[in-house]
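The chain contents come next:
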Amino acid sequence: MQAAQLYGKEDLRVVDIPKPQITADEILLKIKASAICGTDVRMLKNGHKNASESNPLTIGHEISGEISEVGANVTAYKTGDRVAVAPNLGCGVCDLCVSGNTHMCSQSEALGVTIPGAFAEFMVIPEKAVRQGNICIIGDNTSFEEAALAEPFSCVYNAFELYGVNPGDSVVIIGSGPIGLMHAKLAKMAGAGKVIINDLNPDRLAECRAIDSSFITMDGDNFEENLRMETGGKGADVVITACPAPSAQQSALRIAAVFGRICFFGGLPHGKSEVALDTNEIHYKQLTITGMTRQSLAQFRKTLSLVEKNLVSVNDLITTKSPLRDLEAAIIRSAKGEGLKNMIVFYDT
Ligand SMILES: [Zn+2]
Ligand SMILES: [Zn+2]
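On a predicted model such as this, the values are computed, not experimentally measured, just so you know.

Topic: the overall build of the chain
Right, so step 1: A count of helices and strands for the chain gives twelve helices and 18 strands.
Right, so step 2: The C-alpha atoms of the chain give a radius of gyration of 20 Å, which matches the 20 Å a tight globule of 349 residues would have.
Right, so step 3: Taking the principal axes of its C-alpha atoms as reference, the chain extends roughly 60 × 40 × 40 Å.
Right, so step 4: Taken across its 349 residues, the chain has 46% of its residues classed as buried.
Right, so step 5: Long-range pairs, those at least 24 residues apart, make up 69% of the contacts in the chain between residues at least 6 apart in sequence.

Given below as structure tokens:
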């Protein structure tokens, strides 16, 4: 079968490898669609400790497909099931795993990051993932492309549960990539009064308005002043930094309203994460600041149900669909910020 394997820094090869065999406790998934994200961009650019010349790694962690083979001991799934697969697995027995937070386990592994992933015709779903519930059967109303987007969307939903949006809130998202737009869509679904997206790139802001004309967009010019005017001098009830910029975190504190909630969603590059913040903004405005990483399996399933029920659409975030052989070019497009979600599909488009 064909698989895209990372051999090291800037060394991704689409190669022919044997179709994997499963044990009695595993499942073989025929991949239908898998999406590219920032993690893939970083793994290609920097290489990864789990990928080497002697031990290349099949990447791809935003996964959907059809179950092709089921191990003899597996009872919860059957051949032909259409599924999305959450990539993070825990040890299953530590306190965090038992509390439903397998994604925060200190022994956590991830499909497509530490073990083989979904930029391949087939992948093995390991026993732990089968038992922990990482495989989620999707509804008839959900396409494979939408299912693959459950991974990033549920990261966003994880943050959304933490910051909370109340009806009428002013919500500001700094960063207009696919992640920023997912926050914007959830905020709108939750009844935000104003959803404001800030970005330096005017083309991206135009794309945001094309996706939903109710989104208010602001570029870099006088952003903080314009935001104050837009919110009647109060500032934003919720601010999300959906970009890897220290300056966005500093700005978030200044533009938050009294009792504002802030989410530092985008991580910062290594060496840039010590940021000078005016902590008196936190003190005198009684702000709440949260971080987040990955998603619980409950959040993964929740976002799939939102898509299945048409409460929120992610289809308009998909810019390109390419065959596996074009993966590297698609990752490079993602790295340049061209389009929103670039997707690899395993059928004719
Ligand atoms: Zn991802
Ligand atoms: Zn654990």
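Once the structure has been displayed, the description carries forward.
Describing the pairing of strand 18 (residues 341-345)
Right, so step 1: Burial of strand 18 is extensive: five of the five residues sit out of reach of the surface.
Right, so step 2: In strand 18, alternate side chains face the same way, and those of Lys 341, Met 343 and Val 345 on one face and Asn 342 and Ile 344 on the other are all buried.
Right, so step 3: Here strand 3 (residues 27-35) pairs with strand 18 via three bridges, running antiparallel. Each residue of the ladder has a partner; that of Ala 35, found in strand 18, is Met 343.
Right, so step 4: In terms of strand pairing, strand 17 (residues 318-322) meets strand 18 through four bridges, oriented parallel. If you follow Ser 322 over to strand 18, its bridge partner there is Ile 344.
Right, so step 5: For the handedness criterion, the β-α-β arrangement of strand 17, helix 12 (residues 327-335) and strand 18 is classed as right-handed.

What to know about the sheet that holds strand 1 (residues 2-8)
Right, so step 1: Overall, antiparallel pairing links the three strands, which are arranged 2-1-4 in an open sheet. At either end of the open sheet lies a strand with only one pairing partner, and these are strand 2 (11-16) and strand 4 (57-58).
Right, so step 2: With two bridges joining them, strand 1 and strand 4 adopt antiparallel strand pairing. If you follow Leu 6 over to strand 4, its bridge partner there is Leu 57.

Digging into the environment of Pro 323
Right, so step 1: Here Pro 323 lies in the loop between strand 17 and helix 12.
Right, so step 2: With 65 residues separating them along the chain, Pro 323 and Val 258 place their C-alpha atoms 49 Å apart.

Overview of the packing of helix 5 (residues 150-163) against helix 11 (residues 297-308)
Right, so step 1: Running from amino to carboxyl end, helix 5 crosses helix 11 at an angle of 110°, the nearest separation of the two axes being 8 Å. With respect to their mutual orientation, helix 5 and helix 11 come out roughly perpendicular. Facing helix 5, whose interface residues are Ala 150, Phe 153, Ser 154, Tyr 157 and Asn 158, helix 11 presents Gln 299, Phe 300, Lys 302, Thr 303 and Leu 304.
Right, so step 2: Of the residues in the contact of helix 5 with helix 11, the class split is five nonpolar, four polar and one charged.

Comments concerning the sheet that holds strand 12 (residues 194-198)
Right, so step 1: The strand order 13-12-11-14-15-16 describes an open sheet built from six strands, whose pairing is parallel. A strand with exactly one partner marks an edge of an open sheet, and here the two such strands are strand 13 (216-218) and strand 16 (288-290). Neighbour-to-neighbour, the strand axes of this sheet turn through a mean angle of 20°, independent of strand direction.
Right, so step 2: Relative to strand 13, strand 12 is paired through three bridges, and the arrangement is parallel. Looking at the pairing, Ile 196 lines up with Ile 216 of strand 13.

Quick look at the domain arrangement of the chain
Right, so step 1: Here the domain parsing of the chain yields domain 1 (2-149 + 314-345) and domain 2 (154-290).
Right, so step 2: One C-alpha centre belongs to domain 1, the other to domain 2, and the line joining them spans 30 Å.
Right, so step 3: Listed per partner, the contact involves five residues of domain 1 and four residues of domain 2.
Right, so step 4: Residues belonging to the side of domain 1 that touches domain 2 are distributed by class as follows: two nonpolar, one polar and two charged.

What about the packing of helix 1 (residues 38-46) against helix 12?
Right, so step 1: Relative orientation of the contacting elements helix 1 and helix 12 amounts to 105°, with a least axis distance of 9 Å. Taken as axis vectors, helix 1 and helix 12 run roughly perpendicular relative to one another. In this structure, helix 1 contributes Asp 40, Val 41 and Leu 44 to the contact, and helix 12 contributes Ile 331, Ser 334 and Ala 335.
Right, so step 2: For the contact of helix 1 with helix 12, the class distribution of residues is four nonpolar, one polar and one charged.

The rules behind each value
Residues numbered from 1 in each chain as written. Chains lettered and ligands numbered in written order. Predicted model: local features only at pLDDT ≥ 70, side-chain atom pairs only at ≥ 80, totals over all residues. Helix = DSSP H or I, 4+ residues; strand = E, 2+ residues; numbered from the N terminus. Rg over C-alpha atoms; globule rule 2.2 N^0.38 Å. Buried ≥ 20, exposed ≤ 12 C-beta atoms within 10 Å, placed from the backbone. Contact = placed C-beta atoms within 7 Å. Pairing = 2+ DSSP bridges. Right-handed = clockwise from strand over helix to strand, strands pointing away. Axes fitted to C-alpha atoms, helices over the stretch in contact; angles between N-to-C directions. Parallel < 35°, antiparallel > 145°, perpendicular 65-115°, else oblique. Nonpolar A, V, L, I, M, F, W, Y, C, P; charged D, E, K, R; others polar. Domains from an automatic or database assignment.

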